[in-house]
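# Structure at a glance
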Amino acid sequence: ERLPKNDIIYRVHPTTRFFIKCQNVLMVDEYIMRLKGIYSSPMLSFIKRIEKYSKVDKEHLLNFISEQLSIEIVDIVPKIFDTFLVSKDNKQIPISLLGDGTKMALLYYYALSLENSYILLEEPENHLHPKLMDKVIDLIITSSQKNQIFITTHNLEFLQKIFYCKLLLKDLLQ
């Protein structure tokens, strides 16, 4: 399913009144973590909204999170005020208590699972551990097969990794 025409997915900056109002456009930056929802966390609001349009492979997502946390996660349970990760031993971990890098990687996972969209990522390397940055780069490259992705960054290493991975992929496909 495509994003509805003129649907406001995300306010670009909390201090401005500028909204993205184009079809199939999503912008993700660190400000999304600071937006206040009336009944839920900004993370939960974003996930619920994007799930309507994205095709998230839940098994892959659980593996992605499990690798990051070094705990086997078996489910993701949204509740009223937060989303919880459920571990194999049935412990519930609120996403709001995870590190910023892990939360941002989770947002990127959901955003990059869209199809036929324009995805704008502002400094996606912020808050990410180098190993997690590599996983996000893999997500970006995979998603770039289905989407147009725009990235702003000051991190030369991040760009070099993307270009290197893209070249490797191109060589493998030939």
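Residues numbered from 1 in each chain as written. Predicted model: local features only at pLDDT ≥ 70, side-chain atom pairs only at ≥ 80, totals over all residues. Heavy atoms only, no water.

## Quick word on the sheet that holds strand β6 (residues 148-152)
The strands making up a sheet associate through hydrogen bonds between their backbones, and the pairing can be parallel or antiparallel. Strand order in the open sheet formed by three strands is β1-β5-β6, and the pairing between neighbours is parallel. Each edge of the open sheet carries a strand with a single partner, namely β1 (25-28) and β6. Each strand of the sheet is rotated relative to its neighbour by a mean of 15°, with strand direction disregarded. The pairing of β1 with strand β5 (residues 118-122) spans four bridges and is classified as parallel. By the bridge assignment, V25 is partnered in β5 with Y118. Strands β1 and β5 of the sheet are contacted by helix α3 (residues 100-111), whose axis makes an angle of about 170° with β1. (Pairing = 2+ DSSP bridges. Helix = DSSP H or I, 4+ residues; strand = E, 2+ residues; numbered from the N terminus. Axes fitted to C-alpha atoms, helices over the stretch in contact; angles between N-to-C directions. Contact = heavy atoms within 4.5 Å.)

## Here's the deal with the pairing of strand β3 (residues 83-87)
Among the five residues of β3, five are classified as buried, and the element is accordingly described as predominantly covered. Burial of β3 is two-sided: the residues T83, L85 and S87 facing one way and the residues F84 and V86 facing the other way are all buried. Pairing geometry for strand β2 (residues 73-78) and β3, over five bridges, is antiparallel. The residue of β3 that forms the bridge with I76 is L85. Hairpin connection between β2 and β3: a loop of four residues separates the two successive antiparallel strands. Between the antiparallel neighbours β3 and strand β4 (residues 92-94) lie four residues, among them N90 with a positive phi of about 70°. (Buried < 20%, exposed > 50% of the residue type's maximum accessible area, 1.4 Å probe, protein only.)

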